[in-house]
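# Coordinate analysis (summary)
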Amino acid sequence: MSGRYAEVYNRSLDDPEGFWGEAARAIDWIRPWDHVLDDSRAPLFRWFAGGQLNTCWNALDRHVAAGRGEQVALIHDRPITNTVVTYTYRELLDLTARFAGLLAAQGVGKGDRVILYMPMVAEAVVAMLACARLGAIHSVVFGGFAARELATRLDDAKPKVVVSASCGIEGARVIPYKPLLDSAIDQAAHKPTCCIILQRPQEQAPLKPGRDIDWTEAETATPHDCVPVAATDPLYILYTSGTTGQPKGVVRDNGGHAVALKWTMEHFYGLKPGEVFWAASDVGWVVGHSYIVYGPLLHGATTVLYEGKPVGTPDASVYWRVISQHKVAMLFTAPTALRAIKREDPEGLLLKGYDLSHFRQLYLAGERSDSDTLRWAEAHLKVPVIDNWWQTETGWPVAGNPVGLGLMPVKHGSVTRPLPGWDVRVLDGQGHEVPAGTLGAVTIRLPLPPGALPTLWNAEERFIRSYLSEYPGFYQTSDAGYVDEDGYLFIMARTDDIINVAGHRLSTGAMEEVLAGHPDVAECAVIGVHDALKGQLPLGFLVLKAGVTRGHETIVAEVVQRVREVIGPVAAFRQALVVERLPKTRSGKILRATMQKIADQEAWAMPATIDDPAVLEEIGAALTTAGFGRKTIWNQ
Ligand code: COA
Ligand code: AMP
């Protein structure tokens, strides 16, 4: 094997304390840790227990103190209004310290929660870092979620303050945020004491006297210093889809997170401080947290915050324009974004004329990379295209091709090998490791490395039940896959009801809860069907209550609207079929996996436990009538 991978990987597992203790030297500590790894509550582990630091200090102040004050820290590129605004480390520090002052004046202190419901603006980054500066815990909620989802998070996180904006810019559309925020607060039992609203020129939001204040008040606030926090104190909560409508509040701590992310910038990406890194994601997702905000800034790099789409803002050349204009060294995006570009510019003609000489690597994650897309990107960009696999829970890539340790040969379809710190094992149903090439449950032997979730917010029991119980001693990823003879990992599918729509993680269980709430629906199921652009799309099946005579089209339109209102447009739920019955096992479990295989025209076997085989035939016929399961549709 080329490079230092094998040596570094083995060391990380043989001597995790030595390995991560050394990595931690790249971070400024206020007080050193007592233990690199505290295993006194195994299977719950804590990294750098007893240590104190401040994440914002490490992301901003230390770079200014070290002479990077005039280097650009953040480039905000908004193609739709043709604007680029840059912020140096000194400017970002000043804005952050003042905003921390404003938050503190509203009573926010160490351990308090602050929800951020923000579009892709520099102020979102400022607000995250300001919370970190105070030791407050931020929880960013993605803008594509509806008011009800925001309300659920308000009730779980119980924030003192909410930071939001008057609107987001989605492609060419202006989406008002404030009505969603007001509605969420009305629906939630927990009420924040204050909302700080960024008024954007595209939309002025009315402020509620006594509760809402204008972001501009930060301009006159007293700058606030960094507050020391324990390495094990939470930095943020990021809610992600679980198997029910109740999202999981993934907790990230301060110490392990800073150490791990800083380590990845050098050893996984091979990025140098001062270079430009672009994660074309959203601050509402884990990729945004780790690689728009914290990773690049902890490393003293320049990060690009892009408020646009891969196509249509204005066209499919925009990624190449951004890379060339800002001298981007590395781009991180989802395969779906490349598929969108490829669809509009299959020959890559729009690349011509752009100077991509600074561009060294493309990273793809969030969903399985199909080999067509990989090949297209390799052929046109002529740089390594690195598929990497991770989850909101893990915080940073579990597997990938580590440029910083020496690139390994690429195998399309594989996410290469586990990265240092991650002891990936593929297990069968009994918890035994399977032979090379055999599909099984992808798990990670405990302890997980620094930066992975230590628990779920206010739900330790759910954390243990969801992730640590099925395979004692291992973390269950809920992904299925296999390792080949060369140790390369292949991630094939989720084993639960999570689907991946345009790189967005969604729970079909949550959608079923919404569908089941419709007064005419007796029973329902939602599956993810293959989509050439978005990877998967949700498809609903509705069994109506006896005696319902209203038109099916009306009912379908109503459930579509309902999902949009309850979960949000990001669910991309647009299609549902009305059927007579749902296929079930004799014990009453709906056979969703088989339905999905039929819809996607995959090989499927009649489940031995099926109650009535005729129902699957009915479902197949309904899918065919609706145009699903026909190759001609999917190949278009
Ligand atoms: N705020 C408000 N609404 C949002 C939103 C946000 N931040 N993000 C998405 N939405 C809305 C969209 O406007 C759309 O609404 P519509 O139904 O009214 O048209 C809906 O949610 C679905 O959005 P999306 O899935 O993004 O579809 P799209 O057709 O607008 O764009 C792609 C398709 C492929 C261009 C787009 O999904 C994309 O760029 N994907 C990259 C994925 C990514 O970055 N993932 C992050 C993980 S790395
Ligand atoms: P999220 O928590 O939103 O990051 O989604 C995590 C899930 O996305 C994983 O559990 C996988 O199912 C899927 N995923 C992420 N990256 C990849 C990848 N490179 N290949 C295959 N699936 C991926």
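Quick notes on the rules
- Residues numbered from 1 in each chain as written.
- Chains lettered and ligands numbered in written order.
- Predicted model: local features only at pLDDT ≥ 70, side-chain atom pairs only at ≥ 80, totals over all residues.
- Heavy atoms only, no water.
- UniProt positions renumbered as here; feature names shortened; annotations may be inferred.
- Pairing = 2+ DSSP bridges.
- Helix = DSSP H or I, 4+ residues; strand = E, 2+ residues; numbered from the N terminus.
- Axes fitted to C-alpha atoms, helices over the stretch in contact; angles between N-to-C directions.
- Contact = heavy atoms within 4.5 Å.
- Phe/Tyr/Trp six-rings, centres within 6.5 Å; stacked < 30°, edge-to-face > 60°.
- Buried < 20%, exposed > 50% of the residue type's maximum accessible area, 1.4 Å probe, protein only.
- Lys NZ or Arg CZ within 6 Å of the ring centre and 35° of its normal.
- Near = heavy atom within 4 Å.
- Polar contact = N/O pair within 3.5 Å; in protein donor to acceptor, adjacent residues only side chain to side chain.
- Areas by Shrake-Rupley, 256 points an atom, 1.4 Å probe, with all protein chains shown as cover.
- Nonpolar A, V, L, I, M, F, W, Y, C, P; charged D, E, K, R; others polar.

Per an unreviewed UniProt entry, the chain is named Propionyl-CoA synthetase, and its organism is Nitrospirillum viridazoti CBAmc. Under the UniProt heading Sequence similarities (unreviewed entry), the note attached to the chain is "Belongs to the ATP-dependent AMP-binding enzyme family."

## Observations concerning the sheet that holds strand β26 (residues 489-494)
Read from one edge of the open sheet, four strands run β23-β24-β25-β26, paired in antiparallel fashion. With one partner strand each, in any of the chains shown, β23 (424-427) and β26 form the two edges of the open sheet. When strand polarity is set aside, the average angle formed by the axes of neighbouring strands in this sheet is 50 degrees. Note: strand β24 (residues 440-445) against strand β25 (residues 474-483), six bridges, orientation antiparallel. Within β25, the residue paired with I444 across the bridge is Y475.

## Things to note about the sheet that holds strand β19 (residues 361-364)
Here seven strands make up an open sheet; going across it, the order is β5-β4-β17-β16-β18-β19-β20 and the pairing mixed. The two strands at the open ends of the sheet, each matched to only one other strand, are β5 (83-88) and β20 (385-387). Each strand axis lies, on average, 20 degrees off the axis of its neighbour in the sheet, ignoring direction. Against the sheet, helix α9 (residues 286-298) touches β4 (72-78), β16 (276-279), β17 (302-306) and β18 (328-333), its axis set at about 150 degrees to β17.

## Brief notes about the packing of aromatic side chains
What the rule picks out here adds up to 33 aromatic pairs. Here F145 and W285 contribute two aromatic rings whose centre-to-centre distance is 6.0 Å and whose plane-to-plane angle is 70 degrees, an arrangement assigned as edge-to-face. Highlighted residues: F145 in the loop between β7 (137-140) and α6 (147-157) and W285 in the loop between β16 and α9, separated in sequence by 140 residues. Accessibility classification places F145 together with W285 in one group, the buried group. Among the aromatic residues, those joined into a cluster by ring pairs are F268, Y269, F277, Y291, F332, Y363 and W390. If you follow R153 out to its NZ or CZ, it ends over the ring of F145, 4.8 Å from the centre. Looking at K411, its charged tip hangs above the ring of Y488, at a distance of 4.8 Å from the centre.

## So, the UniProt feature "domain: Acetyl-coenzyme A synthetase N-terminal" (unreviewed entry) in the chain
In the numbering used here, UniProt assigns the feature "domain: Acetyl-coenzyme A synthetase N-terminal" (unreviewed entry) to residues 5-59. Secondary structure over residues 5-59 splits into 42% helix and 27% strand, and the C-alpha atoms at its two ends are 27 Å apart.

## Considerations on the site of ligand 1
Around ligand 1, 23 residues are found, and the nearest of them are E170, R173, K534, R564 and R574. Residue G143 places a main-chain N or O atom 3.4 Å away from a nitrogen atom belonging to ligand 1. When ligand 1 is considered free in solution it has 940 Å² of accessible area, and contact with the protein chains removes 85% of it. Tallied by class, the residues present in the shell around ligand 1 amount to 10 nonpolar, six polar and seven charged.

## So, unusual backbone geometry
The omega torsion across A42 and P43 is 10 degrees, close enough to zero to call that bond cis. Positionally, P43 belongs in the loop between β1 (35-41) and β2 (44-49). Here the residue pair T313 and P314 is connected by a cis peptide bond, since its omega of 0 degrees sits within 30 degrees of zero. Secondary-structure assignment places P314 in the loop between β17 and α10 (318-325). Even without a glycine there, the phi angle at N82 is positive, about 60 degrees. Mapped onto the fold, N82 is located in the loop between β4 and β5. Judged by relative accessible area, which is 72%, N82 ranks as exposed. Phi is positive for N458, which is not a glycine, with a value near 55 degrees. Its place among the elements puts N458 in the loop between β24 and α13 (460-468).

## Comments concerning the site of ligand 2
Around ligand 2 lies a shell of 15 residues, among which D387, T392, D479, R494 and R505 are the nearest. With respect to ligand 2, the backbone of E367 contributes an N or O atom lying 3.4 Å from a nitrogen atom. Protein coverage of the free-state accessible area of ligand 2, which is 490 Å², stands at 91%. Looking at side-chain class alone, the shell around ligand 2 contains four nonpolar, five polar and six charged residues.

## Concerning the side chain of T336
Mapped onto the elements, T336 comes out in helix α11 (residues 335-344). Here T336 is in contact with E367, A502, G503, L533 and K534, once residues within four sequence places are set aside.

## Topic: the environment of G421
With respect to the helices, strands and loops of the structure, G421 is situated in the loop between β22 (417-418) and β23. A C-alpha to C-alpha distance of 40 Å links G421 and G540, two positions 119 residues apart in sequence. Each residue touching G421, except ones within four places of it in the same chain, is listed here: S12, L13, W20 and P449.

## Some points on α10
Burial of α10 is extensive: six of the eight residues sit out of reach of the surface. When α10 is considered as a whole, its buried residues turn out to be V318, Y319, W320, R321, V322 and I323. Check the buried side of α10 and you find it contacts β4, β16, β17, β18, α11 and α12 (371-381). Positive phi appears at K327, one or two residues downstream of α10, with a value of about 55 degrees.

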